[in-house]
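Structural features, examined
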Amino acid sequence: MNKIKKFWNNKPVLITGINGFIGSNLTKNLLKNNAKVYGLIRKIDKKTLLFYEKLDTKVKLFTGDVTDIKLLKRIINEENINHIFHLAAQVEVGVAMKYPLSTFESNIRGTYSILEAARTSASKIKSIIVASSDKSYGEYPNSKLPYKENYSLNPKFFYDTSKACADMISKSYVSNPRNPLPIIITRFANIFGPGQMNFSALIPDCIRSSLKYSSFEPRGNGKDTRDFLYVEDVAEIYEILARELTQNKKLSGHIFNAGTNEKFKVEDIIKKIFLKNKNKKDLNKILLKLPKRKTEGEIKNQLMNFDKLYKFFKWKPKTNFDKGLDKTIIWYKKFLNNDSNNSITS
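Here is a short report on the structure shown in this document. All values reported here derive from a predicted model rather than from experimental measurement. (Residues numbered from 1 in each chain as written. Predicted model: local features only at pLDDT ≥ 70, side-chain atom pairs only at ≥ 80, totals over all residues. Heavy atoms only, no water.)

Observations concerning helix 2 (residues 21–32)
For helix 2, spanning twelve residues, the distance from its first C-alpha to its last is 17 Å, which sits close to the expected 16 Å at 1.5 Å a residue. For helix 2, the complete set of buried residues consists of Phe21, Gly23, Ser24, Asn25, Leu26, Thr27, Asn29, Leu30 and Leu31. One or two steps after helix 2, the chain reaches Asn34, where phi turns positive at roughly 70 degrees. (Helix = DSSP H or I, 4+ residues; strand = E, 2+ residues; numbered from the N terminus. Expected span 1.5 Å × (residues − 1). Buried < 20%, exposed > 50% of the residue type's maximum accessible area, 1.4 Å probe, protein only.)

Here it is in structure tokens:
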């Protein structure tokens, strides 16, 4: 038994947002390592990876809102939770522009609710991993990229601000002299891979459209640059960080960035996906429709590296972008070939 599997064997774990893209993939990994997984979801949604791959039958689910402190306390106490992965969030920039209040409720109030619930049972809690975002840094000039963990947070838009606030709240719970919580904050590049059911995201939207299940509508001029991290690598990072934090409380309060240090223009991602699926005809139409303005509320250029993760834990990405994209396309071809899944739009 490897050391990761040995560590997670029979450990009680709570994942907020377990039915999300990342939460579901993390659940798969934790179940392989024999963890006892508990999950909080706002509502039952069968059109998620958690239910599609029947992971829901292998975990214990609680239905409720991440802002419900009473419910969170009950879960932590009754299930003797030792490890928390706080992934629940409103993650769409476009939604945040339209509905800032609900974004703040989910991302800010949701964060202090789970941390406050954990604080009242601090003796039980061995690790808390808070999923933040590269967008917390705000916009830096290209000369300052990739982002460094010691950069100040300069959010500008609603989504960025909500994640930066959650970061600062997390740090305050680490600094609490009475009941300090063991927390690591993660800021990752754009995450992609099998099971991302949010088809407003670039990669699943492009794959579905290139396979002729929908029409792709560009939301920006395609000139923004991004780094992309494969979801299986993300799940591995989370497991490593929680294990290491449990064994070394001096890691509490640390921030870890993760990316591949390889940037792509959005326009080039679109081209790559459509050409992989041999759909040059639709690609040419899309490129003609690219608007001249950038996407509202989006940071123009973002880039992450994994230097600190490598320095501390010798971690580096196992899946490069092209390999991850090929695996992702294969998954969506199978998924979309099922008639009952063709109409999924969110």
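Read on, since the account is not over.
Focus on the packing of aromatic side chains
For the structure on display, the rule yields 23 aromatic pairs. On the numbers, 5.7 Å between centres and 80 degrees between planes, the contact of Tyr52 with Trp331 is edge-to-face. Note that Tyr52 is positioned in helix 3 (residues 49–52) and Trp331 in helix 13 (residues 321–337), a separation of 279 residues in sequence. Look at Tyr52 and you get partly exposed, because its relative accessible area is 28%. Residue class for Trp331 comes out buried when judged on its relative accessible area of 14%. Arranged with centres 6.0 Å apart and planes meeting at 85 degrees, the rings of Phe306 and Trp315 form a pair that is edge-to-face. Joined through ring pairs, the aromatic side chains of Phe7, Trp8, Phe85, Phe188 and Tyr238 make up one cluster. The lysine or arginine in question, Lys308, covers the ring of Phe256, its NZ or CZ lying 4.6 Å from the ring centre. (Phe/Tyr/Trp six-rings, centres within 6.5 Å; stacked < 30°, edge-to-face > 60°. Lys NZ or Arg CZ within 6 Å of the ring centre and 35° of its normal.)

A closer look at the sheet that holds strand 3 (residues 60–63)
Within the open sheet, the seven strands sit side by side as 3-2-1-4-5-6-9. Their pairing is parallel. Looking along the sheet, the strands with just one partner apiece sit at the ends: strand 3 and strand 9 (255–258). Strand-to-strand twist in this sheet, taken as the mean axis angle between neighbours without regard to direction, amounts to 20 degrees. Sheet topology note: the strand 4 (residues 83–86)/strand 5 (residues 127–131) ladder contains four bridges and is parallel. The partner of Phe85 across the bridge, within strand 5, is Ile129. (Pairing = 2+ DSSP bridges. Axes fitted to C-alpha atoms, helices over the stretch in contact; angles between N-to-C directions.)

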